[in-house]
Amino acid sequence: MNLWVFASMKKYFQLSKLTLQEYFVYRLNFVLWRFRSFVFFLTLLFFWLAIYGDRTALLGYERAKMLAYVVGVAFLRSFVLGSRSADLAGQIRSGELTKILLCPIGMFSFWLTRDVVDKLLNLFFTFLEIGIAVYFLRIPFYFPQRTETYLFFALLLVLALFLYFFVSFFLSAFAFWTEEIWATRWLFGIIFLEFFAGAYFPIDVLPGWLQGMINLTPFPYLVFFPLKIWLEQLSAATAIKGILICGLWLIIFYRLANLLWQKGAKNYGAFGG
Amino acid sequence: MVRSAVRLIKIWLMVSSRAAQSQLLSRWAGVLFLVGKIVRFLLFFVFLFMILSSTQNLAGYNREQVIFFYLVFNLIDIMVQFLFRGVYQFRFSVVAGNYDIDLLKPLPSFFRPVFGWTDILDFITLIPLWIYFLLFIFSHHLFTSSTSLVLFLLLFINSLVLGFAFHLFVCAVCVLTTEIDHLVWVYRDLTNMARFPTDIYQKGIQYILTFTIPVVILITVPAKALLGLLSWQWIAFSFLITGLFLWGSLKFWKYALKQYSSASS
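Analysis parameters
- All residue numbers refer to position in the chain's written sequence, counted from 1.
- Chains and ligands are labelled sequentially in the order written, the chains with letters from A and the ligands with numbers from 1.
- Only residues with pLDDT of at least 70 are given local features in this predicted model, and only at 80 or more are side-chain atom pairs given and counted; all residues enter the totals for whole chains, interfaces and linings.
- Note that the side-chain values use all heavy atoms of the structure and ignore hydrogens as well as water.
- Secondary structure elements are taken from DSSP: a helix is a run of H or I of four residues or more, a strand is a run of E of two residues or more, and numbering for both begins at the N terminus.
- Between the two quantities, the radius of gyration covers C-alpha atoms and the globule rule is 2.2 Å times the number of residues to the power 0.38.
- Between buried and exposed lies partly exposed: a residue is buried under 20% and exposed over 50% of the maximum accessible area for its type, with that area taken using a 1.4 Å probe on protein chains only.
- Residues count as neighbours in contact if any of their non-hydrogen atoms are within 4.5 Å of one another.
- Here Asp and Glu are counted as negative and Lys and Arg as positive; His is not counted, and neither are the chain ends.
- Note that the charge is assigned to NZ on lysines, CZ on arginines, CG on aspartates and CD on glutamates.
- Whenever Lys or Arg places a side-chain nitrogen within 4 Å of a carboxyl oxygen from Asp or Glu, that contact is recorded as a salt bridge.
- Polar contact is defined as a pair of N or O atoms within 3.5 Å, subject to the rule that within protein one atom must be able to donate a hydrogen and the other to accept it, and that residues adjacent in sequence are counted only when both atoms are side-chain atoms.
- Per-residue confidence from the predictor is given as pLDDT, running between 0 and 100.
- The axes are straight lines fitted to the C-alpha atoms, using for helices just the contacting stretch, and the angles between their N-to-C directions are given from 0 to 180°.
- By definition in this entry, angles of less than 35 degrees are roughly parallel, angles greater than 145 are roughly antiparallel, angles of 65 to 115 are roughly perpendicular, and the rest are oblique.
- By the definition used in this description, the sense in which the near helix is turned from the far one sets the handedness, with an anticlockwise turn below a right angle giving left-handed and a clockwise turn giving right-handed.
- Classification used: nonpolar for Ala, Val, Leu, Ile, Met, Phe, Trp, Tyr, Cys and Pro, charged for Asp, Glu, Lys and Arg, polar for all others including Gly.
- Two parts lose some accessible area (1.4 Å probe) when they are put together, and adding that loss for both gives the buried area.
- Pairs were defined over the aromatic rings of Phe, Tyr and Trp, the Trp ring being its six-membered one, requiring ring centres within 6.5 Å. Orientation was assigned from the angle between planes: stacked under 30 degrees, edge-to-face over 60, tilted for the rest.
- We call a charge positioned over a ring when the NZ of a Lys or the CZ of an Arg lies within 6 Å of the ring centre and within 35 degrees of the ring normal.

This part takes up the overall build of chain B. Scanning chain B from terminus to terminus reveals 12 helices and zero strands. In chain B, the order of α-helices and β-strands from amino to carboxyl end is α-α-α-α-α-α-α-α-α-α-α-α. Here the C-alpha radius of gyration of chain B, 19 Å, is about what a compact globule of 265 residues would show, namely 18 Å. Projected onto its principal axes, the C-alpha positions of chain B cover 60 × 45 × 35 Å. Burial analysis of chain B (265 residues in total) assigns 52% to the buried set. A sequence separation of at least 24 residues applies to 81% of the contacts in chain B between residues at least 6 apart. Chain B carries 19 positive and 10 negative side-chain charges, and their two centres are separated by 8 Å.

Structure follows, in structure tokens:
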């Protein structure tokens, strides 16, 4: 039994190692990717600093809390929205998926392992970059006062991580039927995701009717809700409600991704593979 | 000179027509891209309104002026994407070795890399945007004189030249390293800072946005010209910076081409 577990773990370690090595093949691209993430953080930070000016509060957010939101967005973009499962679509279209299908590894485990490596690597650099920026720019950062906040935040973070994985997998799986996968991913996986998740600005600065519409989607539970919990702007009941809804979305997208994968795999022609 | 420019424009129109036909083959993708572009534009618009309803003004600019800056940002940004979309596909061309064939054609070496693909969807977005922009500036009496209008158009063209210089620089980096995917996005992220008047940022940030990737000259300067808020020093400086960037990019491009080894083919 122990030997089987060890052998099973070994392949995931090997896959993690290979994923990590891939990043260092195109080193300049990786450096530019990190630079881009840092620039994105700085542009958002300087924008909000400029908007606040001498004001202490705006749009229902104290200055320190808004800056904490911006720092939080940088971390959650790395941890929740960082992903490699988007590559699945390209592999389906090019036929490269066949190589993975022949390996003794489950498709979800394969992409989840690559996702975890991606997240850990990006998180490491994000800590470094944002840490330096926070230190030198003397950005006031908000830490929660209540212990249960950390618990709620951690719980929602784990759910959000898996929710994003299955949303991303679900979008990629459309590549079994259509060549226009980039358009679908761009609209749902970038535009809707980033705006509705609150990756540019908190959703509650928008008009009520628009917030209502956005809250009907799974996206706010990826960035906005975890950060609202961190900033202690939600009651315990609302936080629990948010966690439950996120869990529900997770189940829905897990089933949808599974369904699409099962049907798509039967439809897979391995063209060019 | 004029004849060769006309010839290049004819070739560009032909290349653009082929690109449009290729894009319109997948109508569903076109619809999704258009929806995304419109949603992004509208959401930022709503966000702008929400901020202005709280602050009343931004760095001394009133609501109409801030919206005007946002519209100019969109016009220049989309126009640059529309014209220089080829850069996004250049890496593939270099890696696959297809660029060798382009080099054999009687065209400037940068023609294919920069102008090789024209985004028809950006063109479709531009038409209503220009109409709205013109209606907006006339209905709110935002331009002070016909001189301001002429100056705006000149600086608008200056911005396109600057956009070209930066995209050419990115292509040169691609020839040397075959890694440009994120470099062009760094440019996009920085230009996004000019969605709002760049005067709202601290002086240090404004210097960076003027001298590194000159976002201020790209977007803020033409907008200010139409509002009649620009000194002649700034006008001269804008043309000078663009000239320097263009000269630097062309030099760097020539250097990169000398290093091109056509390894992929």
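A few words on the pattern of salt bridges. Residues and elements named next belong to chain A. Applying the stated rule across the entire model yields 15 salt bridges over all chains. In this structure, the salt-bridge partner of Arg34 is Glu129, at a minimum N-O distance of 2.9 Å. With Arg34 in helix 2 (residues 27–52) and Glu129 in helix 6 (residues 107–137), this pair connects stretches of sequence that are 95 residues apart. Across the pair, exposure class does not vary: Arg34 and Glu129 are buried alike. Note that Arg84 is salt-bridged to Asp87, the shortest N-O span being 2.9 Å. Look at Asp87 and you get partly exposed, because its relative accessible area is 32%.

Here we come to the environment of Tyr61 of chain A. All names here are of chain A. By the element assignment, Tyr61 lies in strand 2 (residues 61–62). Each C-alpha atom of the pair Tyr61 and Trp177 lies 45 Å from the other, and the pair is 116 residues apart in sequence. Excluding residues within four positions of it along the chain, Tyr61 makes contact with Tyr52, Thr56, Met66, Pro202, Asp204, Val205, Phe224, Lys228, Leu231 and Gln233. Within the structure, the side chain of Tyr61 is placed 3.3 Å from the side chain of Lys228, a separation counted as a polar contact.

Time to look at the confidence of the model for chain A. Residues of chain A with pLDDT of at least 70 account for 97%, and the chain-wide mean is 88. Summarising per-element confidence for chain A, the mean pLDDT is lowest in helix 1 (residues 2–23) of chain A (80) and highest in helix 10 (residues 224–230) of chain A (95).

All names here are of chain A. Its identity is not glycine, yet Leu59 carries a phi of approximately 50°, on the positive side. Residue placement: Leu59 occurs in the loop between strand 1 (57–58) and strand 2. Note on Leu59: relative accessible area 18%, which makes it buried.

Bringing the packing of helix 8 (residues 181–196) of chain A against helix 2 (residues 27–55) of chain B into the picture now. Running from N to C, helix 8 of chain A and helix 2 of chain B point in directions that differ by 15°, and their axes come no closer than 8 Å. Comparing the axis directions of helix 8 of chain A and helix 2 of chain B gives the class roughly parallel. Of the two elements, helix 8 of chain A crosses helix 2 of chain B, and the hand of that crossing is left-handed. On helix 2 of chain B, the residues that touch Trp182, Ala183, Thr184, Trp186, Leu187, Ile191, Phe192, Phe195 and Phe196 of chain A of helix 8 of chain A are Ala29, Leu32, Phe33, Val35, Gly36, Lys37, Val39, Arg40, Leu43 and Phe44 of chain B. Residue composition of the contact of helix 8 of chain A with helix 2 of chain B, grouped by class: 15 nonpolar, two polar and two charged.

Axes are the key here: two packed helices are described by the angle between their axes and the distance separating the axes. Residues and elements named next belong to chain B. Interhelical geometry of helix 2 versus helix 3 (residues 63–83) gives an angle of 155° and a closest axis separation of 11 Å. It follows from the interaxial angle that helix 2 and helix 3 lie roughly antiparallel. Helix-helix and strand crossings are classified by hand; for helix 2 and helix 3 the assignment is right-handed. Contacts between helix 2 and helix 3 involve Arg40, Phe41, Phe44, Phe45, Leu48, Phe49, Leu52 and Ser53 from the former and Arg63, Val66, Ile67, Tyr70, Leu71 and Asn74 from the latter. Among the residues forming the contact of helix 2 with helix 3, the class breakdown is 10 nonpolar, two polar and two charged.

Taken together, the contact between chain B and chain A spans 37 residues of the former and 35 residues of the latter. In total, about 3,400 Å² of surface goes out of reach between chain B and chain A, with carbon and sulfur atoms giving 79% of it. The tally of links between chain B and chain A comes to one salt bridge. Note that Arg36 of chain A is salt-bridged to Asp189 of chain B, the shortest N-O span being 2.8 Å. At the boundary of chain B with chain A, the tally comes to one residue pair in polar contact (both at pLDDT 80 or more). Of all the elements in the fold, those that place two or more residues in the side of chain B that touches chain A are helix 2 and helix 9 (183–191) of chain B.

Take the packing of aromatic side chains next. Tallied over the entire structure, the rule returns 77 aromatic pairs over all chains. Following the ring pairs from residue to residue traces out a cluster consisting of Phe40, Phe47, Trp48, Tyr52, Phe195, Tyr200 and Phe201 of chain A together with Phe44, Phe47 and Phe196 of chain B. For the cation-ring pair, Lys65 of chain A lies above Tyr142 of chain A, with the distance from its terminal atom to the ring centre recorded as 4.8 Å. Sitting over the ring of Tyr88 of chain B, Arg85 of chain B keeps its end group 5.1 Å from the ring centre.

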